[in-house]
Structure formats: structure tokens, C-alpha cells
Amino acid sequence: MNLILVAFGLAALLVGGDLLVRGAVGIARRFGVSPLVIGLTLVGFGTSAPELVTSLSAALAGSPGIALGNVVGSNIANILMILGMAALIRPVAARMAGLSREAFWVGGSAVGLAVLALAGQISAPAGFALLGLLSVYLWGTFRSGVAPEEDLSIPTDPLPKAATFLIIGLALTIGGAVALVDGATGIARAYGVPEAVIGLTLVAVGTSLPELATTVMAARRGQSDVALGNILGSGIFNILGILGVTALVAPLPIDRGLLPDIAVMLATTALLFGLLIWKQEISRWSGSVFLLLYAGYMAWLSQTF
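Residues numbered from 1 in each chain as written. Predicted model: local features only at pLDDT ≥ 70, side-chain atom pairs only at ≥ 80, totals over all residues. Heavy atoms only, no water.

### Section: the overall build of the chain
Selection rule: The numbering of helices and of strands both runs from the N terminus, where a helix is a DSSP run of H or I of at least 4 residues and a strand a run of E of at least 2. Only protein chains enter the accessibility calculation, which uses a 1.4 Å probe. A residue is then buried if its area is under 20% of the maximum for its type, exposed if over 50%, and partly exposed in between. The criterion used for residue contact is that any of the two residues' heavy atoms lie within 4.5 Å. Accessible areas in this description were obtained via Shrake-Rupley with a 1.4 Å probe; residue shielding takes into account the shown protein chains only.
Summing up its helical and strand segments, the chain has 12 helices and four strands in all. Burial analysis of the chain (305 residues in total) assigns 54% to the buried set. Of all intrachain contacts in the chain linking residues separated by at least 6 positions in sequence, the fraction that spans at least 24 positions is 89%. As displayed, the chain has an accessible area near 12,200 Å², and 71% of this comes from carbon and sulfur atoms.

Okay, structure coming up:
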């Protein structure tokens, strides 16, 4: 059964990622909304739904290590693994005029998580504050990005068709990720893999597969705004939204052993924005470096535990 879940999850992610990008960008064109905004909000947050479900389930089951490790590991994987793979397909361009604001929110969210980690717990009041910051971010995003930025050169689907693609794509990516994580986690636990390793690696990568499918498909279609916006939006939602909701349901004590991984997340975020400011794109060469760094992180993590 676990193998069947894994196979179904992979197939659903491949199909769902393509439909999600086409539907989301189609709706953006119909309503005159910037593709960057669509990537940062609807696509970025929608593909983070598996992280939300997984972290809530882990917290309620008394496994805070999986809940927090899932978020930290997902943010690292989103940048190094997913953007790295997308850049190998086609360089991901960046328009810093549209991304400078997102740099503040992504970097600020990561620093905020580090501060909470040093405090030793993400309490219910902290969770409420995180959700409040998420509301401020969403309000500012929609106020600042309501004008189209480019000719997307995608099929001009009627609005009902684009909406159908979006709904089916979201359902397939979320359902596929949940099935894949369930199957892969069952296999891993059968071999006695520790909870912390499952949270930072298997669960984090598994729940990031919607971002992988969506970002890779967006890169293949030449939709750099959606590809990059998806990763940035997911990173913000993972910290402010997922940890905020989870902490309201069940306060999260933080294992001090996760502090080095949070430091890696901060360094990875700084590396991404340093590269975007310097080169204004993630080239194929940079994507290769990202993937090598992620492989090194995985190797270091396996030695840590």
C-alpha cells in the first residue's frame, strides 16, 4: 500500500503542477493581476497546503519535531533543490523592483523564526502574531501589485476553463503530496528512521513536491514570475501561516538541535537574495551550485543524527 501511495503521489504531482500553473496564470490575465502576485499568494500558498496539514497533524500527535522540521526543511528545499532544478531547465529571471518588498518579508520571516527558536517555544500568542503579520503581508501585496507586467504568451483560456484547471491542479498537487508523504513516511518508519530526520528530510521534501512540480512547470513555460513568486510565497506562508496556525492549535516547543538547521535556512535565504541582487537571475550554473549545496546539507544532516 505504501508503494501504491508513492506511485500515485508522483503521478498526481506531475499532472497537477502543469494544470495549476496554466490555471493560475490564466486567471491572472483575466483579472489584470500581476503574475508575481499570483505566484506569491494563490499558487505559493495553495502548494503549501500539504505542509499545513502535515504540521498540524504532527503537532496534534505530539510530534513537534516533525511539525517544525517540516517547515524549516521545506524552506531550505524550496530554494536549494526546487529553484536549483528549475534553473537547470531555464534560467529564472528576477525583477528586483517587484522582489525587494518580498525580500523584506521572506528575510524578516526567517529572522523572526530564529528569534522564536532562541526563545525555546512558539506559543499561542506568538502564533496569533505570526498570523497578524501574514494578514499585513497579504494586504500590502494586493495593494502593490495589481497591474500586468508582461505578455505571458499562454493560451487564452475562458475564465471557467482556467478556474477548472486551477481547482483540479490544486487538488492533484495537494492530494498527490499527501499520498506520497504518507507512503514514504510509512516506509521510512518501518526501517526505524528517527523523527527529526523524517521531519527535516522525507516529510519536508515530500510536502515540497507541489512547489517542485509547479515551479518546474512554470520554468518550462518561461513564467519566471510565477516560478520565483511561488517559492517566495511558500516560504512566507510556511513560517507566518503554517507555524502561526499550528501554534494556535498546539504550542510548539523547539528542540535546540534544530537551531543549526534554522541557521542553514537563514544562510540559504541570504544566498538567494544576494544572488538576485547581484545577477538578477538564477542561471543554470547557479542552479547547479544550489543542488550541490543541498546535497551537501543532506549529507551533513545524515551525519548529525
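This is not the end of the story, as more comes after the structure.
### Comments concerning a nonpolar patch on the surface
What counts is decided by this rule: Here, patches come from residues exposed beyond 30% relative accessible area and free of salt bridges, joined within 9 Å for like charges and within 5 Å for nonpolar side chains (Val, Leu, Ile, Met, Phe, Trp, Tyr). Any Lys or Arg side-chain nitrogen located within 4 Å of an Asp or Glu carboxyl oxygen qualifies as a salt bridge.
Taken together, the side chains of Leu60, Phe128, Leu248 and Val249 present a nonpolar region at the surface, about 430 Å² in accessible area. Note on placement: valine 249 falls in helix H10 (residues 224–249). Judged by relative accessible area, which is 45%, valine 249 ranks as partly exposed.

### Some words on the confidence of the model for the chain
Applicable threshold: pLDDT measures how confident the predictor is about each residue, on a scale from 0 to 100.
For the chain, mean pLDDT is 80; residues scoring 70 or higher make up 87% of the total. Contacts from residues 146–154, a stretch scored under 50 in pLDDT, to residues over four places away or in other chains number 22 contacts.

### What about the nonpolar core?
Heads up, the rule is: What is meant by a nonpolar core is a set of buried Ala, Val, Leu, Ile, Met, Phe, Trp, Tyr and Cys residues, joined one to another through side-chain atoms within 4.5 Å.
Among the nonpolar cores identified, the biggest contains 70 residues, and Ile122 and Ile282 are the most heavily contacted of them. Those residues in contact with isoleucine 282 that lie beyond four places of it in its chain are Leu83, Ala87, Pro91, Val92, Leu272, Leu275, Leu276, Gly287 and Phe290.

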